[in-house]
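# Per-entry structural report
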Protein chains: 2
Amino acid sequence: MQVSRSLEYAVRSLVCLASSRRPMDLGAIAEKERIPRAYLAKIMRTLVRGGLVSSTQGRTGGYRLRKPAGRIRLLEIYMLTEGPSKLLPCIGDGGSCSASASCSQKPVWIKVEQAVNEAFRNVTLKEMLPKKTNGGKGAGKRFEDPLSQERG
Amino acid sequence: MQVSRSLEYAVRSLVCLASSRRPMDLGAIAEKERIPRAYLAKIMRTLVRGGLVSSTQGRTGGYRLRKPAGRIRLLEIYMLTEGPSKLLPCIGDGGSCSASASCSQKPVWIKVEQAVNEAFRNVTLKEMLPKKTNGGKGAGKRFEDPLSQERG
DNA sequence: TTAAAAGTGGACCGCTGGGGTCCATGTTTA
DNA sequence: TAAACATGGACCCCAGCGGTCCACTTTTAA
């Protein structure tokens, strides 16, 4: 049960964006994080569609976060890159299990899945940022509240 | 992030064994759970090696649990069928990550992985058994303590 | 004593999906 | 108007999972 490489790349890229006070373009992220450029492009699209980052096209285009890092949960990134969780195929659509209704195992699996989801929800991007060891050298707050337009 | 079919089959088979007061042979389990016989054979081997079930060979051979269902945790089955968890390849061997030592994300991933493991550890086979609706018709205790020789 | 019926071990195999590439196209600015 | 960016989608490769097969061992029933 490994996490997809897409998720790993997505997280790294988002951390990258969160650590930069300016928007970054694809090439910059790809190079810094050593991610295949074309593949990263595909991933960034899903992050854009998912509303985690906003993109500007054109010559000076690039990406930036749409929320402060503290409000982006690992679960969101997870659900964008991989689908909704579904530990087992029988969970969710409510019918693919041959044992059907009276299956005594299904509720337990659901419980496990919820716990796993909780594990991912409990982590926020902010916790993954590199610790700033400088005592506030000037680039002080970065991404804390300047983008709090989205308080959903 | 789905769980392997092997794990699903393993769980179903163990539930099957736990629900039966007598040992069951491969064919019986395979038929009842509708699992491909040869594939199940492979899975049962790993369960035997892992010490969850004991097998007797020969003509009247079969399988039985080695511990009461209440003492078999989902995590054990998980670790037998799939390897040790490892959400990301960089976790565990301590070096495959290009960001090496100062990686600020690794500890967070480790934390997530521990939570996931906990989710699997928190479930015991017993919780997956079908609820006995009979008020103690005779086959009362089944697998509760008759096998408590192994109290590790 | 021997054949049937059970488990064991391991080689093998097909196919799916994740990881990755490529190209054509839209958009912005120097 | 061309360079530099993002977007969309078709396409490809291959490791690994799910599954099969066969040769072998062990036990018991006849």
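Here's a quick rundown of the structure.

## With respect to the relation of the copies chain A and chain B
Overlay of chain A on chain B (RMSD 0.0 Å): rotation 180°, translation along the axis 0.0 Å. Taken together, the rotation and translation relating the two chain copies correspond to the operation of a two-fold axis.

## Notes on the protein's contact with DNA strand C
As a matter of local geometry, DNA strand C sits amid 25 residues, with A:R5, A:K42, A:Q57, B:L26 and B:S55 nearest to it. Of all atoms in DNA strand C that approach within 4 Å of the protein, 66% are sugar or phosphate atoms. A:K42 has a polar side-chain atom sitting 2.5 Å from a base oxygen of DNA strand C. B:L26 is positioned with one of its backbone polar atoms (N or O) 2.7 Å from a phosphate oxygen of DNA strand C. Those elements that provide at least two residues to the surface near DNA strand C are α1 (5–19) and α3 (37–49) of chain A together with α3 (37–49), β1 (53–56) and β2 (62–65) of chain B.

## Re the pattern of salt bridges
Residue and element names in this part refer to chain A. Scanning all chains against the criterion turns up ten salt bridges over all chains. Across the pair E8 and R12 runs a salt bridge whose closest N-O atoms are separated by 2.9 Å. Within this pair, E8 and its partner R12 are both found in helix α1, separated by four residues, close to a single helical turn. In this structure, E8 and R12 share a single accessibility class: buried. Ionic contacts of the salt-bridge type, sharing partners, join the residues E8, R12 and E33 into one network.

## Focus on the interface of chain A and chain B
Taken together, the contacts link 33 residues of chain A with 33 residues of chain B. Of the roughly 3,000 Å² buried where chain A meets chain B, counting both sides, 67% is carbon and sulfur surface. The largest contributions to the chain A side of the interface with chain B come from A:M1, A:Q105 and A:W109, which together make up 24% of the buried area. Here B:K111 makes a salt bridge to A:E127, at a shortest N to O gap of 2.9 Å.

## Quick look at the packing of aromatic side chains
In this description, a pair of aromatic rings is defined by centroid distance and the angle of the planes. Residue and element names in this part refer to chain B. Using the criterion set out here, one finds four aromatic pairs over all chains in the structure. On the numbers, 5.9 Å between centres and 80° between planes, the contact of Y9 with Y39 is edge-to-face. Highlighted residues: Y9 in helix α1 (residues 5–19) and Y39 in helix α3, separated in sequence by 30 residues. The exposure class assigned to Y39 is partly exposed, which follows from its relative accessible area of 30%. Their ring planes at 55° and their centres at 4.9 Å tell us that Y78 and F120 sit as a pair that is tilted. In this pair, Y78 is assigned in helix α4 (residues 74–81) and F120 in helix α5 (residues 106–121), connecting sequence segments 42 residues apart.

## Focus on helix α2 (residues 26–33) of chain A
Side chains that are three or four residues apart share a direction in an α-helix, a result of its 3.6 residues per turn. Residues and elements named next belong to chain A. Within α2 the residues assigned to the buried category are L26, G27, I29, A30 and E33. In an axial view of α2, the angular spread of the buried residues amounts to 165°, which keeps them on one side of the axis. The exposed set on the far side of α2, more than 90 degrees from its buried face, consists of E31 and K32. On its buried side, α2 packs onto α1, α3 and β2 (62–65). Two or three places before G27, at the opening of α2, D25 has a side-chain oxygen 3.0 Å from that residue's backbone nitrogen. Directly beyond the C-terminal end of α2, a positive phi value near 55° is found at R34.

What counts and how
- Residues numbered from 1 in each chain as written.
- Chains lettered and ligands numbered in written order.
- Predicted model: local features only at pLDDT ≥ 70, side-chain atom pairs only at ≥ 80, totals over all residues.
- Heavy atoms only, no water.
- Least-squares fit on C-alpha atoms with pLDDT ≥ 70 in both.
- Near = heavy atom within 4 Å.
- Polar contact = N/O pair within 3.5 Å; in protein donor to acceptor, adjacent residues only side chain to side chain.
- Helix = DSSP H or I, 4+ residues; strand = E, 2+ residues; numbered from the N terminus.
- Salt bridge = Lys/Arg side-chain N within 4 Å of Asp/Glu carboxyl O.
- Buried < 20%, exposed > 50% of the residue type's maximum accessible area, 1.4 Å probe, protein only.
- Contact = heavy atoms within 4.5 Å.
- Buried area = accessible area lost by both parts, 1.4 Å probe.
- Phe/Tyr/Trp six-rings, centres within 6.5 Å; stacked < 30°, edge-to-face > 60°.
- Arc of directions from axis to C-beta.

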